[in-house]
Structure formats: C-alpha cells, structure tokens
Amino acid sequence: AVQYLVLAWLLVQAIRAGRLQERSYLTLAWIEATSYGLLIELLQVLLPWRSADFLDAAANALGAAAGVWLGQRTARDRFPFSYDPRWEKGKRSRDS
C-alpha cells in the first residue's frame, strides 16, 4: 500500500500541473493509481506462481487514497510547476 501512496502522491503532483480543477485532478490521480493496482492483481491471475487477492487490491486503493490526501495537503508553493487558475484571469503573479 505504501507504493500506491507514493504513486498517487506523484500523480497528484504531475496532474496538478495541468489545467484541471482540484477535485478533478485528485479524483483522476486516485482512479489511475487504483486502476494500476487492479491491473496488477488481474495480471497475477495469469501467473501460476502468483495469486490475486481482493484484499491486496483494497489495500492498494486505500494507499492511493492516502497518497491523494497527502498530495492535496502538500504546499503548492514548494512546487513551482503547479498550475494556478488565477494566472488566466490576468493575475500572473503567484503573490496575489
């Protein structure tokens, strides 16, 4: 689950640089991280030496949710590539 926390946190930082609203990019980051976890679990069904487990997928989804939560609370000022919709309204300064 810790890997999915890190993955979701990184996705939030990457998607934040786009032009989506905050709720949209947070949801998208969680969906992408959770979908990746589900895909890995489904692929494990095809491997005879691995086993898929619903609880693993649930733990991955919870880790992704924690990563999104942490990513939302990360200070935007620490990431200069963060998108701020105020820039399009004629206010190009980060101080306003």
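Everything that follows concerns the structure shown earlier in this document.
All values derive from a computational prediction rather than experimental measurement. (Residues numbered from 1 in each chain as written. Predicted model: local features only at pLDDT ≥ 70, side-chain atom pairs only at ≥ 80, totals over all residues. Heavy atoms only, no water.)

**Comments concerning a nonpolar patch on the surface**
Here's step 1: Nonpolar side chains collect at one region of the surface, where Y36, L39, L43, L46, L47 and W49 lie side by side and expose about 680 Å² of accessible area between them.
Here's step 2: Take L46: it is sitting in the loop between helix 2 (22-45) and helix 3 (54-73). (Patch = residues over 30% accessible without salt bridge, like charges linked within 9 Å, V, L, I, M, F, W, Y side chains within 5 Å. Areas by Shrake-Rupley, 256 points an atom, 1.4 Å probe, with all protein chains shown as cover. Salt bridge = Lys/Arg side-chain N within 4 Å of Asp/Glu carboxyl O. Helix = DSSP H or I, 4+ residues; strand = E, 2+ residues; numbered from the N terminus.)

**A closer look at the nonpolar core**
Here's step 1: The biggest cluster of nonpolar side chains holds eleven residues, and these are Y4, A8, L11, V12, I15, Y25, L26, A29, A33, A64 and V68.
Here's step 2: Sorting the residues of this core by element identifies helix 1 (2-16), helix 2 and helix 3 as the ones contributing at least two each.
Here's step 3: At five residues, helix 1 tops the list of elements feeding residues into this core.
Here's step 4: Excluding its chain neighbours within four sequence positions, the residues that come into contact with V12 are Y25, L26, A29, V68, G71 and Q72. (Core = buried A, V, L, I, M, F, W, Y, C linked by side-chain atoms within 4.5 Å. Buried < 20%, exposed > 50% of the residue type's maximum accessible area, 1.4 Å probe, protein only. Contact = heavy atoms within 4.5 Å.)

**Digging into the packing of aromatic side chains**
Here's step 1: For the structure on display, the rule yields one aromatic pair.
Here's step 2: With a centroid separation of 6.2 Å and 45° between ring planes, the pair formed by Y4 and Y36 is classed as tilted. Residue Y4 is located in helix 1, and its partner Y36 is located in helix 2; the two are separated by 32 residues in the primary sequence.
Here's step 3: Residue class for Y36 comes out partly exposed when judged on its relative accessible area of 44%. (Phe/Tyr/Trp six-rings, centres within 6.5 Å; stacked < 30°, edge-to-face > 60°.)

**As for helix 1**
Here's step 1: Here helix 1 contains 15 residues, and its C-alpha end-to-end distance of 21 Å stays within 8% of the 21 Å for a straight helix at 1.5 Å per residue.
Here's step 2: Of all the positions in helix 1, only Y4, A8, L11, V12, Q13, I15 and R16 are classed as buried. (Expected span 1.5 Å × (residues − 1).)

**Here's the deal with the packing of helix 1 against helix 3**
Here's step 1: One way to put it is that helix 1 packs onto helix 3 with a least axis distance of 7 Å and a crossing angle of 40°. Judged by the inter-axis angle, helix 1 sits oblique to helix 3. Both helix 1 and helix 3 take part in a crossing whose hand is right-handed. Side by side, helix 1 and helix 3 meet where Y4, L5, A8, W9, V12, Q13 and R16 of the first sit next to N60, G63, A64, A66, G67, V68, L70, G71 and Q72 of the second.
Here's step 2: Here the contact of helix 1 with helix 3 is built from residues that sort into nine nonpolar, six polar and one charged. (Axes fitted to C-alpha atoms, helices over the stretch in contact; angles between N-to-C directions. Parallel < 35°, antiparallel > 145°, perpendicular 65-115°, else oblique. Left-handed = near helix turned anticlockwise from the far one by under 90°. Nonpolar A, V, L, I, M, F, W, Y, C, P; charged D, E, K, R; others polar.)

**Quick word on helix 3**
Residue pairs three or four apart in sequence face the same way in an α-helix, which turns once every 3.6 residues.
Here's step 1: With 20 residues, helix 3 should reach 28 Å at 1.5 Å per residue; the first-to-last C-alpha distance of 29 Å fits that figure.
Here's step 2: Contacts from the buried residues of helix 3 go to helix 1 and helix 2.
Here's step 3: For helix 3, the N-terminal capping position is held by D53, with its side-chain oxygen 3.2 Å away from the main-chain nitrogen of L55. (Polar contact = N/O pair within 3.5 Å; in protein donor to acceptor, adjacent residues only side chain to side chain.)

**Remarks on the packing of helix 1 against helix 2**
For any two helices packed against each other, the geometry is given by the interaxial angle and the distance between the axes.
Here's step 1: Contact geometry for helix 1 and helix 2: axes closest at 9 Å, N-to-C directions at 140°. Taken together, the axes of helix 1 and helix 2 lie oblique to each other. As for how helix 1 packs across helix 2, the hand of that crossing is right-handed. Contacts between helix 1 and helix 2 pair Y4, L7, A8, L11, V12, I15 and R16 from the former with Y25, L26, L28, A29, E32, A33, Y36, G37 and I40 from the latter.
Here's step 2: Counted by class, the contact of helix 1 with helix 2 contains 13 nonpolar, one polar and two charged residues.

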